[in-house]
Structure formats: C-alpha cells, structure tokens
Number of protein chains: 4
Amino acid sequence: MTLPITPVVAVSLLALATTLATGGQDPQPGYRDTPKLPDGFRVHDADRPRPVAVAVGPAGAPTPPPADAVVLFDGKDLSAFRGRDGDAKWLLVDGAMQVNGTGDIETKAEFGDCQVHIEWMAPSPTKGDSQGRGNSGVFLFGRYEVQVLDSFENPTYADGQAAALYGQKPPLVNACRRPGEWQTYDIFFRAPSFKADGSVELPARITVVHNGIVVQLDETLLGATSHRGVAKYTQHADKGPLKLQDHGDPVKFRNFWVRPLQLERAAPK
Amino acid sequence: MTLPITPVVAVSLLALATTLATGGQDPQPGYRDTPKLPDGFRVHDADRPRPVAVAVGPAGAPTPPPADAVVLFDGKDLSAFRGRDGDAKWLLVDGAMQVNGTGDIETKAEFGDCQVHIEWMAPSPTKGDSQGRGNSGVFLFGRYEVQVLDSFENPTYADGQAAALYGQKPPLVNACRRPGEWQTYDIFFRAPSFKADGSVELPARITVVHNGIVVQLDETLLGATSHRGVAKYTQHADKGPLKLQDHGDPVKFRNFWVRPLQLERAAPK
Amino acid sequence: MTLPITPVVAVSLLALATTLATGGQDPQPGYRDTPKLPDGFRVHDADRPRPVAVAVGPAGAPTPPPADAVVLFDGKDLSAFRGRDGDAKWLLVDGAMQVNGTGDIETKAEFGDCQVHIEWMAPSPTKGDSQGRGNSGVFLFGRYEVQVLDSFENPTYADGQAAALYGQKPPLVNACRRPGEWQTYDIFFRAPSFKADGSVELPARITVVHNGIVVQLDETLLGATSHRGVAKYTQHADKGPLKLQDHGDPVKFRNFWVRPLQLERAAPK
Amino acid sequence: MTLPITPVVAVSLLALATTLATGGQDPQPGYRDTPKLPDGFRVHDADRPRPVAVAVGPAGAPTPPPADAVVLFDGKDLSAFRGRDGDAKWLLVDGAMQVNGTGDIETKAEFGDCQVHIEWMAPSPTKGDSQGRGNSGVFLFGRYEVQVLDSFENPTYADGQAAALYGQKPPLVNACRRPGEWQTYDIFFRAPSFKADGSVELPARITVVHNGIVVQLDETLLGATSHRGVAKYTQHADKGPLKLQDHGDPVKFRNFWVRPLQLERAAPK
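Procedures and definitions
Sequence order as written defines the numbering, with residues in each chain counted from 1. The naming scheme follows written order: chains are lettered A onward, ligands numbered 1 onward. It should be noted that, the model being predicted, local features are given only for residues of pLDDT at least 70 and side-chain atom pairs only at 80 or more, the latter also being counted only at that level, while totals for whole chains, interfaces and linings use all residues. The basis for the side-chain values is all heavy atoms of the structure; hydrogens and waters are excluded. By definition, two strands form a pair when at least two bridges between them are found by DSSP. A run of DSSP states H or I qualifies as a helix once it reaches four residues; a run of E qualifies as a strand once it reaches two. Both are numbered from the N-terminal end. For this overlay, a least-squares fit was computed on C-alpha atoms, restricted to residues scoring pLDDT of at least 70 in both copies. Every residue pair with non-hydrogen atoms within 4.5 Å of one another is taken to be in contact. Only protein chains enter the area calculation, which uses a 1.4 Å probe; residues under 20% of their type maximum are buried, those over 50% are exposed, and those in between are partly exposed. Put simply, buried area is how much 1.4 Å-probe accessible surface two parts lose in total, over both of them, once they are put together. Note on definitions: salt bridges are taken to be side-chain nitrogens of Lys or Arg within 4 Å of carboxyl oxygens of Asp or Glu. Distance and chemistry together define a polar contact, namely a pair of N or O atoms within 3.5 Å, with one atom able to donate a hydrogen and the other to accept it when in protein, and with adjacent residues in sequence counting only for side-chain atoms on both sides. Three classes are used, and their members are as follows: Ala, Val, Leu, Ile, Met, Phe, Trp, Tyr, Cys and Pro are nonpolar, Asp, Glu, Lys and Arg are charged, and the others, Gly among them, are polar. Scored from 0 to 100, pLDDT records how confident the predictor is in each individual residue. Put simply, buried Ala, Val, Leu, Ile, Met, Phe, Trp, Tyr and Cys residues joined by side-chain atoms within 4.5 Å make one nonpolar core.

## Observations regarding the sheet that holds strand E9 (residues 144-148) of chain B
All names here are of chain B.
At step 1: One open sheet accounts for six strands, arranged E3-E2-E6-E15-E8-E9; its pairing is antiparallel. In this open sheet, the two edge strands, each paired with only one partner strand, are strand E3 (86-87) and E9.
At step 2: Pairing of strand E6 (residues 105-107) with strand E15 (residues 243-244), which is carried by two bridges, proceeds in the antiparallel orientation. What sits directly across from Glu 106, in E15, is Lys 243.

## Things to note about the relation of the copies chain B and chain A
At step 1: Aligned on chain A, chain B shows an RMSD of 0.0 Å; the corresponding rotation is 180° and the shift along the axis is 0.0 Å. Taken together, the rotation and translation relating the two chain copies correspond to the operation of a two-fold axis.
At step 2: Residue by residue, 98% of the interface of chain B is reproduced at the interface of chain A, so both copies engage with the same surface.

## Some points on the pairing of strand E16 (residues 252-260) of chain A
Residues and elements named next belong to chain A.
At step 1: Of all nine residues in E16, eight are buried, a share of seventy percent or more.
At step 2: Pairing geometry for strand E1 (residues 70-73) and E16, over three bridges, is antiparallel. Counterpart to Phe 73 in the pairing with E16 is Phe 256.
At step 3: Pairing of strand E5 (residues 96-98) with E16, which is carried by two bridges, proceeds in the antiparallel orientation. Among the inter-strand pairings, Gln 98 is bridged to a residue of E16, identified as Lys 252.

## Quick notes on the side chain of Asp 68 of chain B
At step 1: Position of Asp 68 of chain B relative to the elements: it lies in the loop between helix H1 (7-22) and strand E1 (70-73).
At step 2: Residue Asp 68 of chain B is classed as buried on the basis of its relative accessible area, which comes to 11%.

## A look at the interface of chain B and chain A
At step 1: In this assembly, 49 residues from chain B lie in contact with 48 residues from chain A.
At step 2: Each partner contributes to the roughly 4200 Å² buried at the junction of chain B and chain A, and carbon and sulfur atoms together form 63% of this total.
At step 3: Connecting chain B to chain A are four salt bridges.
At step 4: Arg 205 of chain A serves as the salt-bridge partner of Asp 218 of chain B, at 2.6 Å between the closest nitrogen and oxygen.
At step 5: Inspection of the region where chain B meets chain A yields 12 residue pairs in polar contact (both at pLDDT 80 or more).
At step 6: Mapped by element, the contributors of at least two residues to the side of chain B that touches chain A are H1, E1, strand E10 (183-190), strand E13 (205-210), strand E14 (213-220) and strand E16 (252-260) of chain B.
At step 7: Take the side of chain B that touches chain A: its biggest share by element is six residues, from E14 of chain B.
At step 8: Considered class by class, the residues forming the side of chain B that touches chain A number 31 nonpolar, eight polar and 10 charged.

## What to know about the confidence of the model for chain A
At step 1: A residue-level look at chain A finds 87% of positions with pLDDT of 70 or above and a mean pLDDT of 87.
At step 2: Predicted complex metrics record ipTM = 0.87 and pTM = 0.82.

## Here's the deal with the pattern of salt bridges
Residues and elements named next belong to chain A.
At step 1: The tally for this structure, following the rule as stated, stands at 47 salt bridges over all chains.
At step 2: Residues Glu 106 and Arg 82 are paired through a salt bridge, measuring 4.0 Å at the closest nitrogen-oxygen approach. In this pair, Glu 106 sits in strand E6 (residues 105-107) while Arg 82 sits in strand E2 (residues 81-83), placing the two residues 24 residues apart along the sequence.
At step 3: A residue is classified by how much of its surface remains accessible, and Glu 106, at 25% relative accessible area, is partly exposed.
At step 4: Judged by its relative accessible area of 38%, Arg 82 falls in the partly exposed class.
At step 5: One salt bridge connects Glu 119 with Arg 254, and the closest N-O pair in it is separated by 2.9 Å.

## Side note on the environment of Glu 219 of chain D
Residues and elements named next belong to chain D.
At step 1: Assignment of secondary structure puts Glu 219 in strand E14 (residues 213-220).
At step 2: We classify Glu 219 as buried; its relative accessible area is 16%.
At step 3: Between the C-alpha atom of Glu 219 and that of Lys 169, which follows or precedes it by 50 residues, the distance is 8.4 Å.

## With respect to the side chain of His 210 of chain B
Residues and elements named next belong to chain B.
At step 1: Mapped onto the elements, His 210 comes out in strand E13.
At step 2: The buried category is assigned to His 210, whose relative accessible area is 1%.
At step 3: A polar side-chain atom of His 210 sits 3.0 Å from a polar atom in the side chain of Gln 183.
At step 4: Side chain to side chain, His 210 and Asn 211 meet in a polar contact 3.3 Å long.
At step 5: If we skip the residues at most four places from it in the chain, His 210 touches Trp 120, Ala 162, Ala 163, Ala 175, Cys 176, Gln 183, Thr 184, Tyr 185 and Val 215.

## Describing the interface of chain C and chain A
At step 1: On the side of chain A, 16 residues touch chain C, which itself brings 16 residues to the contact.
At step 2: Between chain C and chain A lies a buried interface of about 940 Å² when both sides are counted; carbon and sulfur atoms form 45% of it.
At step 3: Counting the contacts that link chain C with chain A gives two salt bridges.
At step 4: Residue Lys 252 of chain A is joined to Asp 94 of chain C by a salt bridge in which the shortest nitrogen-to-oxygen separation is 2.6 Å.

## What about the sheet that holds strand E8 (residues 136-140) of chain A?
At step 1: The antiparallel open sheet is built from six strands, whose spatial order is E3-E2-E6-E15-E8-E9 (chain A). In the strand order of this sheet, the two ends are held by strand E3 (86-87) and strand E9 (144-148) of chain A, each with one partner.

## Observations concerning the nonpolar core
Residue and element names in this part refer to chain A.
At step 1: Counting 51 residues, the largest nonpolar core has Phe 81, Met 97, Leu 140, Tyr 185, Phe 189, Phe 253 and Phe 256 as the members making the most contacts within it.
At step 2: Elements supplying a minimum of two residues to this core: E1, strand E7 (114-121), E8, E9, strand E10 (183-190), strand E13 (205-210), strand E14 (213-220) and E16.
At step 3: With four residues, the top contributor of residues to this core is E7.
At step 4: Here Phe 189 is in contact with Gly 112, Asp 113, Cys 114, Leu 140, Phe 141, Tyr 144, Ala 204, Arg 205, Ile 206, Leu 221 and Leu 263, once residues within four sequence places are set aside.

## Points about the pairing of E7 of chain A
The side chains of a regular strand alternate, residue by residue, between the two faces of the sheet.
All names here are of chain A.
At step 1: Most of E7 is tucked away, with eight of its eight residues classed as buried.
At step 2: Neither face of E7 is left uncovered, since the one carrying Cys 114, Val 116, Ile 118 and Trp 120 and the one carrying Gln 115, His 117, Glu 119 and Met 121 both have all their residues buried.
At step 3: Where E7 meets E10, seven bridges bridge the pair, whose relative direction is antiparallel. Directly across from Gln 115, in E10, lies its bridge partner Phe 188.
At step 4: Pairing of E7 with E16, which is carried by seven bridges, proceeds in the antiparallel orientation. When the bridges of E16 are listed, Trp 120 appears paired with Phe 253.

In structure tokens, the structure reads:
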C-alpha cells in the first residue's frame with residue numbers, strides 16, 4: 001500500500017484553480033456589495049472559493065436512533081410538528097416527508113444543546129439551478145440555519161451551498177451525493193447564552209457532519225441567519241424548536257431524531 | 001407520536017443514582033489520591049459519575065472511505081505502519097488487524113488537523129474486567145489518547161472507559177456495543193500549536209463520535225496522555241503519526257482511514 | 001436459548017383461522033364461478049386461505065449487481081426499455097422509475113433462463129384497496145407474471161397478492177413490507193420448451209424470494225397469465241423480454257438487473 | 001446505457017478455456033477412477049470444468065431473521081447444538097462460532113422442508129490449498145452436504161468447491177468472496193420421502209443462493225453425501241438435524257436461522 005498524501009496538496013491547488021476560474025463568472029450578480037463578514041469575505045461573496053467536491057460512498061440503510069433519542073419523524077406522521085396555520089401539512093411520501101408549498105414546519109418540542117440527525121434527498125431529475133435547486137434548510141432554535149441544497153455539480157455562492165452556515169461559512173468540502181440519493185446530516189449544537197442585559201455571553205457553536213464527513217468543525221455562529229445581511233443575535237430562551245424550511249422545492253426528509261446533550265456550561269474557552 | 005422529553009431528566013437522575021450507588025465500591029482502589037484536574041475531579045477519580053449507557057442500533061456495513069481519505073488499513077496488509085522493531089507485526093485475521101503482544105504500531109505517515117475513522121471490536125467472549133478487558137487506544141500525534149475499552153456492562157473509572165480522553169475527560173454517554181460487535185470512532189482533531197519558546201499557543205481540541213453518537217464535543221486537551229498524572233504539553237512538530245496501542249488484549253481494528261483537514265488557524269475563540 | 005418450534009403450528013392454525021374468518025366476506029364478489037385450477041382451487045378463489053403475514057426486518061442498502069449481471073435500470077435512464085409508442089416514458093424520481101399511466105414497459109433485450117433482481121416500493125400513503133392498491137407486475141417473457149401489490153394488511157384474493165403467480169398460485173407466506181419501504185424480488189426462472197408441433201415439452205418453473213424469504217419454490221407455471229381464466233401456453237422463442245406493468249398505481253422500481261443462467265436442459269425430472 | 005449481453009457468451013468461452021487449460025494439471029491426482037455420476041462426470045472429476053468466478057459486491061450487515069424463523073445461533077451461545085460428547089464446544093469469537101477441532105456439531109431440533117440462512121467466513125490469511133483451505137460444510141438431515149470451502153482463487157475439483165452439492169454437482173458459478181469476508185448461504189430444501197419398503201418415493205431437491213446469486217437451482221440430490229462414492233439414499237424420518245462440519249479449519253459461522261416450510265407434498269412433477 002502506498003500513501004497518497006498528495007490529496008491535501010491537490011485540494012489546495014484545486015481550490016485555487018476554482019477561485020481563478022470563477023473569478024470572472026459571477027453566478028449571483030450583485031453579491032459583491034453585501035456587507036463584510038469577520039473572516040474578510042462578504043455575505044454570499046461571489047469571489048469566495050467554492051469548497052472542493054469529495055466523492056463519498058453510496059447511502060447505507062437509515063441510522064437507527066439510539067435509545068436516548070427523541071424521534072421527531074419516523075415515516076408515519078407529522079404529529080411532532082406544527083405548520084403555518086396549525087397542523088403541519090407536508091406530504092407523506094414513501095416513508096418520507098416532502099416539502100409541498102404549505103410553508104415551513106417546526107417541532108412542537110424545544111431543544112437546547114443537542115445532536116440532530118436528519119436525512120434528506122434532493123429531487124431527481126433536477127429542476128432549476130444555483131439556489132433554485134433542491135433548496136431547504138434545517139434551523140436550530142428556529143433561526144440558525146444549516147443550508148440544505150442540491151450542491152451536486154451545482155455552482156452557487158460558497159456560503160449558500162449544502163451544509164453551509166447560510167450567509168456565514170461554507171463547508172470545508174462539498175460532500176453532496178447526487179440528487180435522488182439520501183444524504184445525512186449529524187449536527188452537534190451548543191446553544192448560545194445571554195447576559196441579563198440581553199447581550200451575548202457565549203455565542204452558539206456548531207459542528208456538522210455531512211454524509212460521514214466533518215464539514216463544519218466547532219464553528220462559532222455570528223447570529224441568527226439573515227438574508228444578505230450579517231447575522232446578529234437577539235436574546236432568546238434556553239430552548240427552541242427545530243425548523244425545516246419550505247423554499248418551494250420538493251425536498252424530502254426522513255429519519256429525523258434529536259438527542260439533548262448535557263454539556264458543561266463553564267466559562268468560554 | 002408523543003415526545004418523550006423525559007430521557008434528559010432520566011439521564012440526570014440515573015447519573016445521580018450511579019454516583020450514589022458506586023460511591024462505596026471503588027473498582028480501582030487507590031485512585032482517590034491522584035492529582036486534581038481543572039474540572040475538580042481527580043485523575044481516574046473513583047467518585048466521578050460514570051456515563052450513562054445508551055443502547056445504539058446494530059453495526060452496519062463498514063463506512064467506505066471518501067475520495068480524499070488516506071486509507072491506512074483496508075484489511076490486506078500493515079504496510080502503512082511500523083512496529084517496535086521495524087515492521088508492524090500484528091495479526092491479520094479475517095480482514096482485520098489484531099493486537100498480539102508485539103507492541104504498539106504507528107503510521108509511517110504523519111498528520112496534523114484531521115478526521116480519523118476507525119472501527120474496532122472487543123474480544124468475545126470477554127476475559128478480565130475493568131481496565132483489563134478489551135483495552136487499547138488510538139493516539140493522535142502518538143501521544144493524545146482516545147481510549148479503546150470494552151465498556152459494555154464493565155464498570156471502571158469514568159475517565160478510563162471507551163471514548164474517554166484517557167485520564168482527562170469521560171465521554172458524555174457510554175455508547176459501547178457488546179464485545180464481538182464492530183464499533184466506530186470518528187475523531188475530529190485540531191492539533192495544538194506552540195510559541196517559539198515552546199509554550200502552548202493553542203491547545204489541541206477534539207470531537208469524538210462513537211457509534212454515531214457524539215461523546216466528546218470540542219473538548220480541549222490538557223496535554224499528552226500520562227498515567228496517574230495530569231497531562232502536560234511538550235512542544236512538537238505540526239504533524240505526527242497515529243498510534244494504536246498494544247495493551248495485551250486481542251482487540252481488532254479495521255477500515256482505518258484519515259482525512260487531513262484544512263482548518264483556519266486564526267486566533268483562539 | 002430456547003427453540004420456539006411452535007411458529008410452524010401457529011402458522012397452520014392462523015391460516016385455518018383466516019380461512020374461517022373470511023369465508024363469509026368475499027373481497028372480490030363473483031370469484032366463485034371462475035374455472036378450477038389443477039390444485040382444486042378456482043382462479044382468484046375467495047375461499048382460498050390467504051398466506052400468513054411474516055414480519056421481515058427493515059430494508060437494507062440496494063444489493064449491488066454481481067459482475068455477470070446485465071443492469072437494466074440503475075437509476076439514471078430508461079434506455080434499456082421501450083414503451084407503448086416507442087420510448088419508455090415512466091417518471092424518473094429520485095433514482096427510481098415510477099409508473100405514470102403511460103403504459104407497460106419492456107426490455108429491449110431478451111432473456112431465457114435467468115435470475116432477476118428487482119426492488120419495488122408501493123406508494124405511501126396508501127390509496128385504494130384490494131387489487132387497487134399498489135398494483136403492478138413483473139412479467140417473464142412478457143407473459144408470465146409475478147404479481148406486485150401492496151399486500152401489507154390489504155386483504156385480497158390469495159392468488160392475486162404480492163409474489164403470487166397471478167391467478168395460479170399464492171406465495172407460501174406474505175412477506176410484504178409496509179408501503180413506502182423498498183422490497184426485493186429475486187426470481188429464478190427456467191423457461192419452458194416446446195416441441196416441433198407447438199405443444200409443451202417442459203413447462204416453465206419458477207422460484208421467488210421476497211425480501212429474503214422463499215415464497216415460491218420451484219413452482220410449475222400452468223401457462224401465460226390470463227385474467228379470470230386458467231393460464232395456457234402458446235409456443236414462443238427461447239428468449240423474451242422482461243415486462244413491467246402499468247396498472248395505474250404509482251409504484252416505483254429500482255436496481256433492476258438480470259443474470260442469464262446456463263442451466264442443463266435435460267429430460268424433465 | 002448499453003446492454004452487454006456478451007457476458008453469457010464470455011462465460012461459456014471462459015468455462016471452455018478453463019477446461020482446456022486445466023486438462024493437463026490434475027489438482028487432485030487419482031480422481032479419474034472414481035465412479036460415474038448420472039450426468040456423465042465422475043465423482044470429484046478432475047476433468048469437470050470449474051465454475052466461472054463471478055465477483056459480487058461487499059458483504060452487507062447481517063440479514064435479520066424474519067418473525068417465523070427459528071434462530072439457531074445469534075452470537076451468544078451454542079445451546080441449540082450438541083457436539084461429539086454432549087455439549088457443543090466450538091469457540092465463541094466476536095459474535096461468531098468457530099470450528100476448533102472438537103468435532104461436528106448438530107442442532108438439537110429437527111427440520112424437514114425448510115429455508116436455511118447461514119453466514120460463514122473463511123480464515124484470513126489463508127492456510128493450505130485445494131480442499132485444505134477453509135473447509136467445512138452444512139448438512140441437511142445431518143447427511144446432505146452443501147460444501148463450505150474457501151474457493152476464492154483456490155482451484156480444486158469442481159464438485160468440491162463452495163456451494164457444491166459435495167461429490168454430486170458443482171455450483172453454476174463461483175460466487176465466493178475473499179477469505180476474511182462474511183458470505184451468505186440461503187438454502188431451500190425439499191426433504192425426500194420414502195415408500196413403506198424403504199425405497200425412495202421422491203428424492204430431495206435443493207436450491208442454493210450464495211451471496212445473493214443462485215448457484216444450485218432445484219437440483220435433485222442423488223442421496224446422502226459420501227466420500228469418493230456415488231451418493232445413495234437410506235430411509236430416514238421426516239425430520240432431521242442440521243449439522244456443521246469440523247474439517248479442522250477455523251471457519252466461522254454466524255446468524256444461523258431456519259424457517260420450516262409448509263410445502264405441498266403432491267405427486268412428483
């Protein structure tokens with residue numbers, strides 16, 4: 001066996017090449033005048049290098065929920081969720097729930113620090129492109145979004161692709177499977193805390209594993225997801241719902257469960 | 001569907017009960033006079049509550065390595081490793097490598113920030129108890145240990161069980177499968193950095209996912225693993241080998257791969 | 001471990017109970033005057049005991065085709081099939097092909113003795129009942145049907161349920177998974193042979209494995225599937241197409257492959 | 001997609017080539033003077049073409065037993081078996097049972113017509129060759145053998161390789177995985193019946209599916225397996241034990257279950 005250490009170098013070169021190659025073709029014209037993020041890039045920055053695509057193996061069977069998980073959706077009904085006007089009305093299709101234009105849905109139960117497991121599938125055959133292709137999202141506390149998007153061979157701005165902290169941070173790599181294949185997110189979330197005066201004591205931190213690959217590693221969230229603006233925090237309670245977005249595309253979800261975590265809540269590191 | 005939010009409470013109560021119940025039975029006599037850790041417990045503290053056991057589903061097929069992984073062991077040979085006297089001499093058994101008393105083995109290649117995937121199996125039927133049952137370890141940089149132990153219904157000190165940062169921090173829960181079943185570790189590691197004078201600039205941080213469950217979430221390592229002492233850092237290079245421990249028990253490993261990560265190396269958060 | 005041999009007895013008693021219980025409620029009125037089959041029951045006989053349901057485990061990942069298989073559908077296109085007016089026009093949905101009212105489709109290639117692997121899914125939520133729920137079929141030589149039907153808790157006549165040789169022979173047991181879950185058929189088929197005068201030399205024989213359970217074991221086919229009549233043979237060539245039925249229900253299929261078999265063609269046993 | 005129908009032809013040509021190529025190198029000298037079988041070949045005939053090898057996909061997770069199965073071995077104990085001197089004494093290793101020189105074991109319970117599922121693994125690294133490599137066997141009624149052998153790139157006489165009806169009929173193809181990988185047998189068995197005078201009324205018939213591929217399709221057994229002689233029947237009861245052979249090689253077995261079948265027992269077809 002020989003050790004191909006070169007991928008690392010290859011990845012860097014590819015990222016560079018991607019930057020150079022796309023510099024002149026702005027997939028989202030106008031995203032050069034958005035505000036700057038702390039890392040120097042702008043929100044939805046067209047000049048931000050897009051993560052390198054990494055092929056992953058085929059989807060396996062659904063991961064069974066461990067014994068301490070709260071099962072939110074097991075294929076049978078939407079009773080754990082509420083929708084725009086009361087009941088959640090997404091389609092039940094073949095053991096999955098599918099976005100159908102009836103609006104976002106969110107859990108009736110609320111969660112603080114937690115591990116979230118969810119599986120999703122982008123529609124196949126594909127329709128639309130860039131942000132119009134298989135767009136949805138998983139929102140912690142109903143406000144911190146992990147982007148869902150069909151990013152398989154689908155160029156879009158880096159902080160808007162699958163597993164991005166939308167508008168804040170692209171994933172380390174693009175681990176997207178093809179449309180029509182099930183994909184997994186495992187999200188480990190440390191909720192933010194606030195001082196008595198409503199200012200942030202500790203910002204939220206998040207790790208995202210996409211199809212078995214870590215793509216966000218203990219990233220600090222800048223605040224609640226916003227559109228074309230820099231995220232900001234607004235004080236909220238210790239727990240909040242999990243929200244799934246209806247962005248108009250018939251994305252499917254299945255095997256959705258959450259494990260509340262008992263994390264130490266000491267001083268920031 | 002009803003939402004059994006009670007597990008969280010149940011977990012806390014159980015942990016409390018465990019503490020009370022084991023207070024008088026010290027499985028490792030003498031571990032009450034070890035030095036104190038920053039979190040207030042002593043190294044191998046017999047009074048530290050043991051993590052609650054969480055039943056997980058059965059092992060699935062091995063996770064195929066993604067395209068950017070460096071495959072260290074695929075069942076065929078040990079050519080990526082070196083042993084005590086040159087070649088690694090662990091047993092090749094049915095597509096796995098098995099500890100056989102010939103000493104620790106470590107990778108010839110070196111890695112810095114990385115995602116490590118490894119699968120391991122404790123011997124069945126079991127032999128021995130506490131730290132003498134299915135003991136081994138995965139060492140990042142050859143010195144920061146994630147403990148391997150058959151912790152299935154096997155009481156031992158909390159910071160010495162499977163997925164503990166040995167002698168530093170127990171896992172959040174005990175996600176161990178039975179002996180004789182394959183188990184997975186996915187480890188996300190941020191290497192430490194040092195100043196010119198050899199002092200620590202940024203300590204190492206680690207996340208461990210055991211059988212699909214997060215059990216260490218961005219924990220800060222106190223230093224290199226030591227025995228009955230508090231871990232300390234000693235300056236080292238940007239990269240180091242991955243080491244597997246020969247602790248005398250015939251533990252098996254398979255499907256060992258690593259993905260170098262391109263993490264930002266900014267100021268500490 | 002104790003050996004629960006009693007299931008066998010339980011199965012017989014259940015079958016008996018089923019017969020008694022359904023004797024008075026004919027789910028398909030009129031099916032008492034169809035012609036008699038050689039085994040004494042009538043075609044679609046309402047008095048024929050329905051096979052006992054046997055719960056099987058959850059669907060695993062798709063079975064990869066072996067190296068000698070002809071892959072007919074791998075999720076990408078319908079180029080191996082033709083439809084009513086030329087091209088096959090079933091829907092491509094998420095790596096599956098779905099019945100959509102455009103008529104039956106059949107393979108362009110032809111096969112004789114063969115092993116057929118196909119996976120199918122009945123629509124969820126369910127619509128309709130009895131023969132109107134998730135109805136389709138796999139036809140060897142375009143004429144010998146293995147029934148596809150959502151037979152999960154769906155009473156219908158015994159020789160018309162999933163894995164029946166339609167109108168000829170019910171399966172040994174009902175191994176149907178719930179609608180919305182993938183199911184597998186593995187079919188082993190010995191083609192019939194004919195004499196020079198067109199009469200049957202050797203009838204076709206068939207074994208069907210449904211979700212890993214044998215449900216037809218080397219059954220002799222009475223002839224080409226017909227509706228409410230006893231099947232009859234008409235001479236045909238050594239090879240023929242595989243046909244999938246459009247019965248109006250949006251059944252899905254995936255991972256469809258076939259292995260031509262080199263069977264001895266000696267005298268009948 | 002194009003349809004590579006040519007494999008069929010390729011298979012035939014390869015089989016022919018194999019015959020020609022091995023004609024002069026007899027791997028088992030002396031096996032040219034054994035008695036003739038009804039199909040014209042001799043027992044263990046060195047001139048019989050060896051089945052073509054067909055690569056199959058990797059092993060998946062163990063197949064869960066359906067609800068009507070009698071579980072004979074689930075990894076925990078050997079209580080369903082007896083050995084040479086009373087208790088079965090094979091090794092329990094990592095959820096499997098392993099041949100260890102203590103002799104054959106057989107089930108305490110007896111079965112007639114049945115479906116048998118069993119998983120086995122040949123030792124890796126390999127030791128020995130031909131019949132000396134990973135040899136064991138599954139015996140229906142304690143006397144009709146389906147051969148277990150590490151036939152991966154291991155030439156031996158055709159009717160002695162994995163999934164052969166030993167000494168009677170080679171498998172249609174060689175579907176063996178590598179040593180060290182789990183393999184599955186699904187065996188569908190119709191027991192023989194005898195007349196009052198002890199002569200055979202209906203011979204036993206058997207179908208064997210090896211790693212998902214049919215390799216014996218409703219073959220008629222010539223009688224109880226014998227060594228270098230033609231199999232013969234001796235009258236026996238309606239049910240008998242399942243036996244696993246200790247041939248001296250440390251073969252492993254797991255996930256062993258059986259489903260009694262309620263087959264029609266009409267006149268022979």
